[in-house]
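# Examining the three-dimensional arrangement
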Amino acid sequence: MKTIKLTLVLCLFSVFAFANISTQEKDALVAIYNATQGDNWTQSWDLNADVTAWQGLTIKDNKVVAIDLSFNNLVGSLPEQLGDLINLESLNLFRNRITGAIPSTIGNLKRLKVLNIAFNKLEGKLPETIGEIENLVTLELFMNNIGGKLPASIGKLSKLEKLEMFSNSLSGSIPYQIGDLKNLKEIYLSSNDFTGKIPSTIKNLSNLEKLSLFDNKLFGAIPASLGNLAKLEELILSDNLLYGNVPSELAKLTKIKVLMLNNNQIKGDFASLQENLPQGIQFEFRNLDERKNTALATNDD
């Protein structure tokens, strides 16, 4: 009888000790391994071992729900099979040497909340299918060489709170659909090649706290409606081709801490604006051709 009980205990231990993920998911993981020179990863996988022993995976209920292979020397392109990891909620591939384009199958990851492939060597265009990741909260793709336009489909990411794509090669206009992202708190699109005007639809982003668009080729006037973004703490529009008068409505930004408008062709009564801004704000508005260093003005007494 004791032998039978011991056998049952050992069987139960085996069930809980080893994950029985689907063949589809395991094949997708192996495809990532092979496509990014897994043998040379900083922390490699033993493909003959159970997947529970594979570094960087989180498995729940026999499903792969998170992958963290940041700082792990992944070299190569992401395979199409990435889209077969349909239970993923978080994918972190930060600071590797991943090249090529993000596969269009990324749109299959309907449960994904966090996507971080920042600080790699990604190229190509951001796929339209990015807009199909309906639960995405954080999108971090900064410090790559992603080109083309920011897809209009990004406006379908209704749960998105952070959009971080600075230091890429994105071009064209910032899509007006960005104004549909009512939960957005942070937008970082600086150091790209965006042209056109700042979308007026940004006025709809009532939860926005940080808007960074510096070092692009944006032109036209600063939308006065930005002054209605009551939660805005940082507005950085430096080093563009903006012109016209500085909107007096910016004085309504009672939570603003950083306001940088320098190196544009903006005119107006900056002194009056400064007087009406919160105490201690970092306010830069003068151009390099007017002063060797950009102006740093505070209204501390």
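In every chain, residue numbers begin from 1 and rise along the written sequence. For a predicted model such as this one, the threshold for reporting local features is a pLDDT of at least 70, and the threshold for listing and counting side-chain atom pairs is 80 or more; totals across whole chains, interfaces and linings nevertheless cover every residue. Water and hydrogen atoms play no part in the side-chain values, which are based on all heavy atoms of the structure.

Helix and strand definitions here come from DSSP, where helices need a minimum of 4 consecutive H or I residues and strands a minimum of 2 consecutive E residues; each element is numbered from the N-terminal end. Looking only at helices and strands, the chain has 3 helices and 19 strands in total. In terms of principal-axis extent, the alpha carbons of the chain reach across some 90 × 40 × 30 Å. Under the scheme applied here, a residue whose accessible area is under 20% of the maximum for its type counts as buried, over 50% as exposed, and between as partly exposed, the area being computed with a 1.4 Å probe on protein chains only. Taken over 301 residues, the chain has a buried fraction of 49%. Calculation of accessible area relied on Shrake-Rupley with a 1.4 Å probe; when residues are assessed, cover is drawn exclusively from the protein chains displayed. Entry remark: accessible area of the chain is about 14500 Å², with carbon and sulfur atoms responsible for 49%.

Quick look at the packing of aromatic side chains now. For this analysis, a ring pair means two rings from Phe, Tyr or Trp (six-membered ring only for Trp) whose centres lie within 6.5 Å, classed as stacked if their planes differ by under 30 degrees, edge-to-face if by over 60, and tilted for the remaining angles. Taken as a whole and assessed by the stated rule, the structure comprises 11 aromatic pairs. Here the aromatic rings of phenylalanine 270 and phenylalanine 285 are separated by 4.6 Å at their centres, their planes lie at 15 degrees, and the arrangement is stacked. Of this pair, phenylalanine 270 sits in helix 3 (residues 270-276) while phenylalanine 285 sits in the segment after strand 19 (282-284), placing them 15 residues apart in sequence. Phenylalanine 285 shares its class with phenylalanine 270; the two are buried.

Right, let's talk about the sheet that holds strand 1 (residues 57-60) for a bit. Adjacent strands of a sheet form backbone hydrogen bonds with each other and so pair up, either parallel or antiparallel. Two strands are counted as paired when DSSP detects at least two bridges linking them. Pairing in this open sheet of 11 strands is mixed, and the strands run 1-2-4-6-7-9-11-13-15-17-19 from one edge to the other. Both outer strands of the open sheet, strand 1 and strand 19, are each paired with one neighbouring strand and no more. The average angle at which neighbouring strand axes cross in this sheet is 10 degrees, direction not considered. In this structure, strand 15 (residues 234-236) lies alongside strand 17 (residues 258-260), joined through 3 bridges in parallel fashion. Of the residues in strand 17, the one forming a bridge with glutamate 234 is valine 258. To define axes, lines are fitted to C-alpha atoms, for helices over the stretch in contact only, and angles between the resulting N-to-C directions are given on a 0 to 180 degree scale.

Its 13 residues place the ends of helix 2 (residues 23-35) 18 Å apart at the C-alpha level, agreeing with the 18 Å of an ideal helix rising 1.5 Å per residue. Those residues of helix 2 lying buried are Glu25, Ala28, Leu29, Ala31, Ile32 and Tyr33. Every residue pair with non-hydrogen atoms within 4.5 Å of one another is taken to be in contact. Lining the buried residues of helix 2 we find strand 1 and strand 2 (63-68). Looking one or two places after helix 2, you find glutamine 37, whose phi comes out positive at around 55 degrees. A helix is expected to span 1.5 Å multiplied by its residue count minus one.

Attention now goes to the side chain of asparagine 263. Mapped onto the secondary structure, asparagine 263 falls in the loop between strand 17 and strand 18 (265-267). On the basis of relative accessibility, which here comes to 14%, the residue asparagine 263 falls in the buried class. We define a polar contact as two N or O atoms separated by no more than 3.5 Å, with the added condition that, inside protein, one atom must be a possible hydrogen donor and the other a possible acceptor, whereas residues neighbouring each other in sequence contribute only through side-chain atom pairs. Of note is the side chain of asparagine 263, whose polar atom sits 3.1 Å from the side chain of aspartate 239.

Next up on the list: the pairing of strand 1. Where strand 1 meets strand 2, 4 bridges bridge the pair, whose relative direction is antiparallel. If you follow leucine 57 over to strand 2, its bridge partner there is isoleucine 67. In textbook terms, the turn of a hairpin is the stretch between consecutive antiparallel strands, and for strand 1 and strand 2 this stretch comprises 2 residues, one of which, aspartate 61, has a positive phi near 50 degrees.

Turning next to the environment of isoleucine 198. For isoleucine 198, the location among the structural elements is in the loop between strand 12 (193-195) and strand 13 (210-212). Here isoleucine 198 falls in the buried class, since its relative accessible area comes to 4%. Each C-alpha atom of the pair isoleucine 198 and isoleucine 187 lies 13 Å from the other, and the pair is 11 residues apart in sequence. Leave out the neighbours within four places in its chain, and isoleucine 198 touches Leu213, Leu218, Phe219, Pro223, Leu237 and Leu242.

Below, the discussion takes up the environment of leucine 157. The topology assignment puts leucine 157 in the loop between strand 8 (147-149) and strand 9 (162-164). Sequence-wise, leucine 157 and asparagine 135 are 22 residues apart; in three dimensions their C-alpha atoms are separated by 7.2 Å. Setting aside residues no more than four positions away along its own chain, leucine 157 makes contact with Ile130, Gly131, Ile133, Leu136 and Leu181.

Averaged over every residue, the pLDDT of the chain is 92; residues scoring 70 or more account for 90%. Confidence scores per residue from the predictor, reported as pLDDT, run from 0 to 100. This model gives residues 1-17 a pLDDT under 50, and the stretch forms 2 contacts once residues within four places in sequence are excluded. For residues 292-301, every residue scores under 50 in pLDDT, and the model assigns this stretch 28 contacts once sequence neighbours within four places are set aside.

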